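Per-entry structural report
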Amino acid sequence: EVQLVESGGGLVQPGGSLRLSCAASGFTFKTYTMTWVRQAPGKGLEWVSAINDFGTMEYYADSVKGRFTISRDNAENTLYLQMNSLKPEDTAMYYCAATGVPLRSWLFLREASRYKYWGQGTQVTVSS
């Protein structure tokens, strides 16, 4: 059974940090491009960050560049998102997603239909 299980969300004050994890099982994690996507209440999907299969290429949305860092541990089948200097506008449900499409164009991959597997999400709330 394929599973992507996110964890690490919670309530944090503005300026704080959180580290999200996405534990993968049931598929060959090390061969998949991985992405973090978020959705705020009443809004569409926002493509936050992506990382290629080897962990050597990364993309970030302008809204998180310089504050968030994506990484992966292929030995542990886990994807991470380190989030620093959090802002209230970062409040959203965060999902990890996996695609077999190589990360050559993130513009191409910013489409939900490109992804084969999705997690159930973890809530991040940034508020004082």
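Scroll up to find the structure.
Residues numbered from 1 in each chain as written. Predicted model: local features only at pLDDT ≥ 70, side-chain atom pairs only at ≥ 80, totals over all residues. Heavy atoms only, no water.

1. A short note on the state of the cysteines
Taken as a whole, this structure holds 1 disulfide when the rule is applied. Covalently, C22 is tied to C96 through a disulfide, its sulfur atoms 2.1 Å apart. Between C22 and C96, the S-S torsion sits near 60 degrees, and that sign places the bridge as right-handed. With C22 in strand β3 (residues 18-25) and C96 in strand β9 (residues 92-99), the pair connects residues that are 74 residues apart, well separated along the chain. One exposure class covers both C22 and C96, and it is buried. (Disulfide = S-S within 2.5 Å. Helix = DSSP H or I, 4+ residues; strand = E, 2+ residues; numbered from the N terminus. Buried < 20%, exposed > 50% of the residue type's maximum accessible area, 1.4 Å probe, protein only.)

2. Structural notes on the side chain of T99
With respect to the helices and strands, the residue T99 is situated in strand β9. From its side chain, T99 meets the backbone nitrogen of V101 in a polar contact 3.1 Å long. A polar atom in the side chain of T99 sits 2.8 Å from the backbone oxygen of R114. Among residues more than four places away in sequence, those in contact with T99 are Y32, T33, L109, R114, Y115 and K116. (Polar contact = N/O pair within 3.5 Å; in protein donor to acceptor, adjacent residues only side chain to side chain. Contact = heavy atoms within 4.5 Å.)

3. Observations regarding the nonpolar core
One finds L4, M34, W36, L79, L81, M83 and Y94 to be the most contacted residues of the largest nonpolar core, which totals 29 residues. Mapped by element, the contributors of at least two residues to this core are β3, β4 (33-39), β5 (45-51), β7 (68-73), β8 (78-83), β9 and β11 (122-126). If we ignore the near neighbours within four places in the chain, the residues touching L81 are L18, R19, L20, W36, V48, S49, F68, T69, I70 and Y94. Membership of the second largest hydrophobic core comes to 8 residues, among which are V37, A50, A97 and W106. (Core = buried A, V, L, I, M, F, W, Y, C linked by side-chain atoms within 4.5 Å.)

4. Some points on the pairing of β8
The element β8 is largely enclosed, with a buried count of 5 among its 6 residues. Across 6 bridges, β3 lies against β8 in antiparallel orientation. In the sheet register, L20 faces β8, and the bridge partner there is L81. Direction of pairing for β7 relative to β8: antiparallel, over a ladder of 6 bridges. If you follow D73 over to β8, its bridge partner there is T78. Counted between consecutive antiparallel strands, the loop separating β7 from β8 contains 4 residues, among which N77 sits at a positive phi close to 55 degrees. (Pairing = 2+ DSSP bridges.)

5. Some remarks on the pattern of salt bridges
Applying the stated rule across the entire model yields 4 salt bridges. D90 is the salt-bridge partner of R67, the closest N and O atoms lying 2.7 Å from each other. Residue R67 is found in the loop between β6 (58-60) and β7, and its partner D90 is found in the loop between β8 and β9; the two are separated by 23 residues along the sequence. Take R67 and D90: they sit in the same class, and that class is buried. Via salt bridges that share partners, R38, E46, R67 and D90 belong to a single interconnected network. (Salt bridge = Lys/Arg side-chain N within 4 Å of Asp/Glu carboxyl O.)

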